[in-house]
Amino acid sequence: MRLAAQSAAVPAVPGGAAQRGYGGGAEEVNGFVCFVQTTGLVGLAVAENPHERLRILYSKILGVLQNIPRDAAYRKYTEQIVNQRYNLVQTETDVQKLQDKLNGGQIEEVIVQAENELSLARKMLQWKPWEPLVEEPPTDQWRWPI
Amino acid sequence: RLLLRTARHGTAGPGPASPAGAGPAAAVQTRLAGGSATETRPTVRPKNEVEQKQLCAFGEYVAEILPKYIQQVQVTCFNELELLIHPDGIIPVLTFLRDHTNAQFKSLADLTAVDVPSRQYRFEIVYNLLSLRFNSRIRVKTYTDELTPIDSAVSVHKAANWYEREVWDMYGVFFANHPDLRRILTDYGFEGHPFRKDFPLSGYVEVRYDDEVKRVVAEPVELSQEFRKFDLNSPWEAFPAYRAPPEPLKIEAGAKKEDAK
């Protein structure tokens with residue numbers, strides 16, 4: 001269930017996609033062939049072999065999710081997302097097209113997001129948020145106007 | 001119990017009164033009989049049903065994933081999604097909203113508190129988050145009282161550092177595991193928490209420069225006019241749409257009548 005496709009225009013990084021040349025590929029600028037490799041984002045270096053990195057990360061996430069009870073909603077939805085992205089990574093070899101299909105910004109941003117999801121999955125194992133409510137609020141706590 | 005509802009915050013103007021408001025508007029329309037086909041109300045914000053549905057759907061999604069901490073989810077009439085949370089769940093919920101792929105609320109826009117003295121847990125801590133990837137905002141609310149500490153959000157969002165210092169200074173809410181919780185806006189020796197509802201507007205002390213001791217001294221505040229309290233409640237009912245249903249009379253079990261022997 002993704003809001004990206006439905007909500008208002010996702011602000012893409014300006015010029016980032018245009019600047020990228022990938023994996024030793026050359027870009028022709030004014031007749032000169034130059035290797036332009038930059039994500040356009042400060043502090044985020046271009047990833048060599050992003051497919052491999054994403055494959056590793058997604059398989060790690062799926063491994064962590066196996067320890068969560070099967071009926072937990074977090075496991076259900078995260079497995080859905082991760083499997084979807086995993087399939088796209090495996091079928092699509094061109095990085096530009098993969099970026100467009102994933103619709104999650106630059107491929108390096110997708111890698112960062114996968115790392116975040118992995119750390120979140122590990123923390124969820126400890127917090128166990130699928131259990132029922134810890135404590136009901138006092139009766140008038142959320143009443144507004146008072 | 002989880003409750004998803006559309007809350008009508010703010011004025012009870014056009015929203016709940018729309019069936020009643022159609023009265024005078026319909027009357028105007030019949031008078032103009034066939035003048036304009038549709039009545040326009042340019043001063044009323046048009047309802048964005050699509051956005052409301054999306055926010056409701058996302059709220060249900062988050063509530064399904066984190067039932068341990070989320071007590072209530074609501075969408076205001078201005079299309080703002082709010083998650084009402086148990087205080088133990090601050091760090092899990094904020095981390096989830098920051099790291100999950102469908103959420104990605106990477107930016108903590110604001111961290112404030114609201115003081116409602118009549119409640120058992122008087123302070124309501126409010127976190128406003130923004131997702132840059134999906135261009136959407138969410139509000140997370142928790143509660144606490146004067147003495148119960150709350151987990152600091154600094155480990156999740158660095159921006160919470162000064163906001164939590166401000167909440168500590170102004171309300172007296174203690175944040176556990178904060179790296180440096182000290183006053184930020186009040187004077188160095190200031191006593192009291194100014195934003196609480198029981199703290200007076202003029203404060204308790206005033207400062208002046210004393211020439212004898214050659215420094216600034218703090219003395220109890222001296223107002224030229226004594227404090228006057230006005231009863232500003234009008235005799236008419238203020239919000240007819242928010243009328244609470246009359247409380248049913250409780251019949252308590254009384255002591256049994258002793259049989260006369």
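Residues numbered from 1 in each chain as written. Chains lettered and ligands numbered in written order. Predicted model: local features only at pLDDT ≥ 70, side-chain atom pairs only at ≥ 80, totals over all residues. Heavy atoms only, no water.

Regarding the overall build of chain A
Working step 1: Of the regular secondary structure elements, chain A holds five helices and two strands.
Working step 2: From first element to last, N terminus to C terminus, chain A shows the α and β order α-β-β-α-α-α-α.
Working step 3: Counting over 146 residues, chain A shows a buried share of 38%.
Working step 4: Partitioning the intrachain contacts of chain A with sequence separation of at least 6 by distance along the chain shows that 60% fall at a separation of at least 24. (Helix = DSSP H or I, 4+ residues; strand = E, 2+ residues; numbered from the N terminus. Buried < 20%, exposed > 50% of the residue type's maximum accessible area, 1.4 Å probe, protein only. Contact = heavy atoms within 4.5 Å.)

Examining the environment of Leu111 of chain B
All names here are of chain B.
Working step 1: By secondary structure assignment, the location of Leu111 is in strand β4 (residues 107-115).
Working step 2: Once the C-alpha coordinates of Leu111 and Asn161 are considered, the two residues, 50 residues apart in sequence, prove to be 9.6 Å apart.
Working step 3: Contact partners of Leu111, with chain neighbours within four places excluded, come to Ile125, Val126, Tyr127, Ala160, Tyr163, Glu164 and Val167.

Section: the nonpolar core
Working step 1: With 71 residues, the main nonpolar core has Tyr58 and Tyr74 of chain A together with Ile65, Leu83, Phe96, Leu97 and Tyr127 of chain B as its most contacted residues.
Working step 2: The element best represented in this core is helix α5 (residues 107-127) of chain A, accounting for nine residues.
Working step 3: The contacts of Ile65 of chain B, once residues within four sequence positions are left out, are Ala73, Tyr74, Tyr77, Met124, Pro129 and Trp130 of chain A together with Phe96 of chain B. (Core = buried A, V, L, I, M, F, W, Y, C linked by side-chain atoms within 4.5 Å.)

Description of the interface of chain A and chain B
Working step 1: Listed per partner, the contact involves 45 residues of chain A and 45 residues of chain B.
Working step 2: Contact between chain A and chain B buries roughly 4,000 Å² in total, counting both sides, with carbon and sulfur atoms accounting for 58%.
Working step 3: Where chain A packs against chain B, one counts three salt bridges.
Working step 4: The partner of Lys68 of chain B in a salt bridge is Glu131 of chain A, and the shortest N-O contact between them spans 3.2 Å.
Working step 5: Between the two partners, chain A and chain B, sit 17 residue pairs in polar contact (both at pLDDT 80 or more).
Working step 6: Those elements giving two or more residues to the side of chain A that touches chain B turn out to be α3 (73-91) and α5 of chain A. (Buried area = accessible area lost by both parts, 1.4 Å probe. Salt bridge = Lys/Arg side-chain N within 4 Å of Asp/Glu carboxyl O. Polar contact = N/O pair within 3.5 Å; in protein donor to acceptor, adjacent residues only side chain to side chain.)

A closer look at the side chain of Thr142 of chain B
Working step 1: Relative to the assigned elements, Thr142 of chain B resides in strand β6 (residues 136-144).
Working step 2: When neighbours within four sequence positions are excluded, Thr142 of chain B is seen to be in contact with Trp142 of chain A together with Ile85, His86, Pro87, Ile90, Phe123, Glu124, Ile125, Tyr127 and Ile150 of chain B.

A few points about a nonpolar patch on the surface
Working step 1: On the surface, Val207, Tyr209 and Val216 of chain B cluster together into a nonpolar patch covering about 310 Å² of accessible area.
Working step 2: With respect to the helices and strands, the residue Val207 of chain B is situated in strand β9 (residues 205-210). (Patch = residues over 30% accessible without salt bridge, like charges linked within 9 Å, V, L, I, M, F, W, Y side chains within 5 Å. Areas by Shrake-Rupley, 256 points an atom, 1.4 Å probe, with all protein chains shown as cover.)

Considerations on the packing of α3 of chain A against α5 of chain A
Residue and element names in this part refer to chain A.
Working step 1: Packing of α3 against α5 brings their axes to within 12 Å, and their N-to-C directions diverge by 155°. Overall, the two elements α3 and α5 adopt an arrangement that is roughly antiparallel. Two packed elements cross with a definite hand, and for α3 against α5 that hand is left-handed. Facing Tyr74, Thr78 and Arg85 of α3, the residues of α5 in contact are Val110, Gln113, Glu117, Leu120, Ala121 and Met124.
Working step 2: A per-class count over the contact of α3 with α5 returns five nonpolar, two polar and two charged. (Axes fitted to C-alpha atoms, helices over the stretch in contact; angles between N-to-C directions. Parallel < 35°, antiparallel > 145°, perpendicular 65-115°, else oblique. Left-handed = near helix turned anticlockwise from the far one by under 90°. Nonpolar A, V, L, I, M, F, W, Y, C, P; charged D, E, K, R; others polar.)

Some thoughts on the pairing of strand β10 (residues 215-220) of chain B
Residues and elements named next belong to chain B.
Working step 1: Alignment of β9 against β10, held across six bridges, turns out to be antiparallel. If you follow Val205 over to β10, its bridge partner there is Pro220.
Working step 2: What sits between the antiparallel neighbours β9 and β10 is a turn of four residues, in which Lys214 has the positive phi angle 60°. (Pairing = 2+ DSSP bridges.)

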